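This is what each chain is made of:
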Amino acid sequence: FKGLAFYDKGDKVAVVTREGNLHEVGVKELKVCAAQTLDIESGDVVVDMDTLGSGNQQNLVVGTSNGNIVCVDMRCGSFVFKLSNKPQYGPVSAMCTDRN
């Protein structure tokens, strides 16, 4: 696994592989609740991830080695947005989301 992030008041954890396979795991049940593949380009790998949102809104934000940022709504598994940077800006090496 490349990264993980707790959300939903710590009851669930999102785990992602380098290739963009996303697994949602229920902590109490210790079982996979959902699985999907992130919308990342061929050869692009996940380098960092964080959760964003509170209450009913639970989003997972993922940064990639090609400089892309992908946001997934964890309630329904749909993509919220995808930002693509120019290659000369380089990869996302780390990120932090503002929860305010």
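Residues numbered from 1 in each chain as written. Predicted model: local features only at pLDDT ≥ 70, side-chain atom pairs only at ≥ 80, totals over all residues. Heavy atoms only, no water.

1. Side note on the overall build of the protein chain
Inference 1: Check the secondary structure of the protein chain and you find zero helices and eight strands.
Inference 2: Written out in order from the N terminus, the α and β elements of the protein chain read β-β-β-β-β-β-β-β.
Inference 3: For the C-alpha atoms alone, the extent of the protein chain along its principal axes is close to 45 × 30 × 20 Å.
Inference 4: Out of the 100 residues in the protein chain, the part that is buried amounts to 37%. (Helix = DSSP H or I, 4+ residues; strand = E, 2+ residues; numbered from the N terminus. Buried < 20%, exposed > 50% of the residue type's maximum accessible area, 1.4 Å probe, protein only.)

2. Structural notes on the pairing of strand β4 (residues 31-37)
Inference 1: Judged from the six bridges that link them, strand β3 (residues 21-26) and β4 form a sheet pairing that is antiparallel. Considered in β4, the bridge of G26 is made with K31.
Inference 2: Remark: four residues form the turn of the hairpin made by β3 and β4, two consecutive strands paired antiparallel; L30 in that turn has positive phi of roughly 55°. (Pairing = 2+ DSSP bridges.)

3. A few points about the sheet that holds strand β8 (residues 78-83)
Inference 1: Read from one edge to the other, the open sheet built from four strands follows the order β5-β6-β7-β8, with strand pairing classed as antiparallel. Strands with a single pairing partner mark the edges of an open sheet, and in this sheet they are β5 (46-52) and β8. Between one strand axis and the next, the sheet turns by 20° as a mean value, whatever way the strands run.
Inference 2: With five bridges connecting them, strand β7 (residues 69-73) and β8 associate as antiparallel partners. For I69, the partnering residue across the bridge sits in β8 and is L83. (Axes fitted to C-alpha atoms, helices over the stretch in contact; angles between N-to-C directions.)

4. A look at the environment of N66
Inference 1: Along the polypeptide, N66 turns up in the loop between β6 (59-64) and β7.
Inference 2: Distance from N66 to V25, taken between C-alpha atoms, is 27 Å for residues 41 residues apart in sequence.

5. Some points on the environment of D44
Inference 1: You can see D44 is positioned in the loop between β4 and β5.
Inference 2: Setting aside chain neighbours within four positions, we find D44 in contact with R18, T64, S65, N66 and N68. (Contact = heavy atoms within 4.5 Å.)

6. Topic: the environment of L60
Inference 1: Tracing the backbone through its elements, the reader meets L60 in strand β6.
Inference 2: Remark: the alpha-carbon pair of L60 and G77, spanning 17 residues in sequence, is separated by 9.8 Å.
Inference 3: Excluding anything up to four places from it in sequence, L60 contacts A5, A14, L22, M49, D50, T51, V70, C71, V72 and M74.

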